[in-house]
Amino acid sequence: MEELDLRAVAENERHPDKIMNAWKELARGDVLRIINDHDPKPLRYMFQIEFKHTFAWEYKRQGPDEWIVEIKKIKPPAPLSPEQKKKRDELKQILKKLHQASPEELGGVKKEAEKYFKEVEPKELAMAEQELIQEGTTRSEMKRLCDVHLEVIKAHLGAASQRLKLPASHPLTICKDEHKIIKRNLKRLGRILEKLKAAGSFDKVKKEIDTLKELSHFFLETEKHHQREEKALFPRLEAHGIVEPPQIFKEDHLEFMAKKKTLNEIAMAQDKKDFRKFVELLSPVIEFLTKNLEEHIYKEDNILYPMAYETLEKEEWLEVRKKFDAIGYCCFAPADLEKKKGKKKRK
Ligand SMILES: [Fe+2]
Ligand SMILES: [Fe+2]
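Residues numbered from 1 in each chain as written. Chains lettered and ligands numbered in written order. Predicted model: local features only at pLDDT ≥ 70, side-chain atom pairs only at ≥ 80, totals over all residues. Heavy atoms only, no water.

1. Structural notes on the coordination of the iron ion (ligand 1)
The line we're drawing: For Na, K and Ca the donor cut-off is 3.2 Å; for every other metal, N, O and S atoms count as donors within 2.8 Å. Water does not enter the count, which can leave sites looking incomplete. The geometry test gives tetrahedral to four donors whose angles all lie between 85 and 135 degrees, gives square planar to four donors and octahedral to six donors whose opposite members are over 155 degrees apart with all other angles between 65 and 115, and gives irregular to the rest. Helix numbers and strand numbers start at the N terminus; a helix is a DSSP run of H or I with at least 4 residues, a strand a run of E with at least 2.
Bound to the iron ion (ligand 1) are the protein donor atoms E229 (OE), H253 (NE2), H296 (NE2) and E300 (OE), situated 2.0 to 2.3 Å from the metal. Here the iron ion (ligand 1) binds 4 donor atoms, and the angle range of 81 to 177° at the metal identifies the geometry as irregular. If you list the donors of the iron ion (ligand 1) from N- to C-terminus, the spacing comes out as E-x23-H-x42-H-x3-E. A separation of 3.3 Å is found between the iron ion (ligand 1) and the iron ion (ligand 2), which are bridged by E229. Here E300 lies in helix α11 (residues 275-311) and H253 lies in helix α10 (residues 244-268), a separation of 47 residues in the sequence.

2. Thoughts on the nonpolar core
Here is the rule we go by: To qualify as a nonpolar core, a set must consist of buried Ala, Val, Leu, Ile, Met, Phe, Trp, Tyr and Cys residues joined through side-chain atoms within 4.5 Å. Partly exposed residues are those whose accessible area sits between 20% and 50% of the maximum for their type, while under 20% is buried and over 50% is exposed, using a 1.4 Å probe and protein chains only. Where each domain starts and ends follows an automatic or database-derived domain assignment.
Core analysis: the largest hydrophobic core is formed by 42 residues, its most contacted members being F117 and L233. At 6 residues, helix α5 (residues 122-134) tops the list of elements feeding residues into this core. Lining this core are residues from two domains, each supplying at least three of them: domain 2 (82-162) and domain 3 (171-346). In terms of nonpolar packing, the next biggest core, distinct from the first, is built from 29 residues, L193, F202, V205 and F218 among them.

3. As for the pattern of salt bridges
Note the following rule: By salt bridge we mean one thing: a side-chain nitrogen of Lys or Arg within 4 Å of a carboxyl oxygen of Asp or Glu.
In the structure shown here, the tally under the stated rule is 24 salt bridges. One salt bridge in this structure joins E66 and R7, with 2.6 Å as the shortest N-O distance. A residue pair is termed long-range when its members are at least 10 positions apart, and E66 in the loop between β3 (55-62) and β4 (67-73) and R7 in the loop between β1 (2-5) and α1 (16-25) qualify at 59 residues. Here E66 makes a salt bridge to R61, at a shortest N to O gap of 2.3 Å. Residue class for E66 comes out buried when judged on its relative accessible area of 17%. On the basis of relative accessible area, R61 is assigned to the partly exposed category, the value being 42%. Taken together, the shared-partner salt bridges in this structure form one network comprising K85, R88, D89, K92, E124 and E131.

4. Structural notes on the coordination of the iron ion (ligand 2)
Six octahedral donors at a metal ideally form angles of 90 or 180 degrees, and four tetrahedral donors ideally form angles of 109.5 degrees. Taken together, H179 (NE2), H225 (NE2), E229 (OE) and E300 (OE) make up the protein donors of the iron ion (ligand 2), found 2.0 to 2.2 Å from the metal. Here the iron ion (ligand 2) is ringed by 4 donor atoms whose angles at the metal span 86 to 170°, and the overall shape comes out irregular. In primary sequence terms, the donor set of the iron ion (ligand 2) follows H-x45-H-x3-E-x70-E.

5. Quick notes on the sheet that holds strand β2 (residues 31-36)
What holds strands together in a sheet is hydrogen bonding between their backbones, with the strands either parallel or antiparallel. Our working rule: Pairing between two strands is assigned when DSSP locates at least 2 bridges connecting them. Inter-axis angles, ranging from 0 to 180 degrees, are taken between N-to-C directions of lines fitted to C-alpha atoms, where helices are fitted over the stretch in contact. Note on contacts: a residue pair is in contact if any heavy atoms of the two residues lie within 4.5 Å.
Read from one edge to the other, the open sheet built from 4 strands follows the order β1-β2-β4-β3, with strand pairing classed as mixed. The open sheet has two free edges, formed respectively by β1 and β3, since each of these has just one partner strand. With strand direction ignored, the average angle separating the axes of adjacent strands in the sheet is 15°. Here 4 bridges tie β1 to β2, and the two strands are oriented parallel to one another. Pairing of E2 across the sheet is with L32, part of β2. Strands β2, β3 and β4 of the sheet are contacted by helix α2 (residues 41-50), whose axis makes an angle of about 170° with β3.

6. A closer look at the packing of helix α9 (residues 223-239) against helix α12 (residues 314-327)
When two helices pack together, their arrangement is given by the angle between their axes and by how far apart the axes lie. Threshold: Any angle from 65 to 115 degrees is called roughly perpendicular, while one under 35 is roughly parallel, one over 145 is roughly antiparallel, and all others are oblique. Should the near helix be turned anticlockwise from the far one by less than a right angle, the crossing is left-handed, and should it be turned clockwise, the crossing is right-handed.
Relative to each other, α9 and α12 sit at 150°, their axes nearing to 9 Å. Judged on the interaxial angle alone, α12 and α9 are roughly antiparallel. In this structure, α9 crosses over α12, and the sense of that crossing is right-handed. Residues K224, Q227, R228, K231, A232, L233 and R236 of α9 form the contact with α12, whose own contacting residues are E316, W317, E319, V320, K323, F324 and I327.

7. A word on α12
As a reminder, the rule being used: Helix span is expected to be 1.5 Å times the residue number reduced by one. By arc we mean the arc of the directions from the helix axis to the C-beta atoms, nothing more.
With 14 residues, α12 extends 20 Å from end C-alpha to end C-alpha; this agrees with the ideal 20 Å at 1.5 Å per step. Turning to α12, its buried residues number three or more, namely E316, W317, V320, R321 and F324. Across the axial projection of α12, the buried residues extend over an arc of 145°, all falling on one side. Exposed side chains of α12 directed beyond 90 degrees from the buried face belong to E315, L318, K322 and A326. Positive phi appears at G328, one or two residues downstream of α12, with a value of about 100°.

8. Quick word on the domain arrangement of the protein chain
Segmentation of the protein chain into domains returns domain 1 (2-73), domain 2 (82-162) and domain 3 (171-346). In this structure, domain 1 and domain 2 have C-alpha centres spaced 32 Å apart.

9. Points about the pairing of β2
Among the 6 residues of β2, 6 are classified as buried, and the element is accordingly described as predominantly covered. Here β2 shows two buried faces, one formed by V31, R33 and I35 and the other by L32, I34 and N36. One ladder, built from 6 bridges, connects β2 with β4; its direction is antiparallel. Its bridge partner lying in β4, R33 is registered against E70.

Printed below as a string of structure tokens:
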């Protein structure tokens, strides 16, 4: 990693050429880290003009006194044939139309969109979204818009992910199995909340409170799952020019982590609160997690993972798996690791 601390350079000498030259020296996969005393937004625009599709921009800190950005050199996506380009543009148009439709128009536009979505592959959808972001749609806007087009596309996407037949030891199988456990526990969390809402005091829900505490630990431990996605899978996608979808998923992970910590804090401090206050604090956290984490998992199972499968080479999956094992599994363990452990014990 190359680091440039612009705070140490006089304002009139912070010439963009200096940064651009440092960038040109970097090999693919390398990172240029910029530290500045204000948001280097203009630099991002310059990169968009000069180095379109070959960099991934990630804020590591955003003020108030210090801005840190890591700019990674990535492989540009393969050029599209004229026919592919036409298809991509059509898809972007229909996505824009869906997102701009007024409530009265939405029904009609959704019908029109369905015929495009019937044939769209998850990777195509993700790349169209990435281009829209690179053309100015903000990430948070894109997240909101995803809900609209996901509603239309759900039936077709499900079919694509069903076609993925993977061995049990494959990193994606491991992640999908973990998703099943997480989803099961989200449902349990939802049921507990319903029971708490209906009860009037701690005495009536002792069992549920115990389960709630257990589940709050479980969800903290699932952090390892997100870490494996971020540290083993996402960098591989970024190296193939797929930069925006991983960023969106990373932002989700941060939000989930904060909520999971709050859930744990509320659950563990239960005896210090009165019952009504306890349920009042708990409700929005559980409601957030059951809705948003479930949706996040849906997008991973049906868009991100099929896209990753289509993109990474066989050897890369072996590397991903090695990193998975190094990061660890906590409350889950892949079947092949369990078998190995069993054999060792029997010896
Ligand atoms: Fe994730
Ligand atoms: Fe996940």
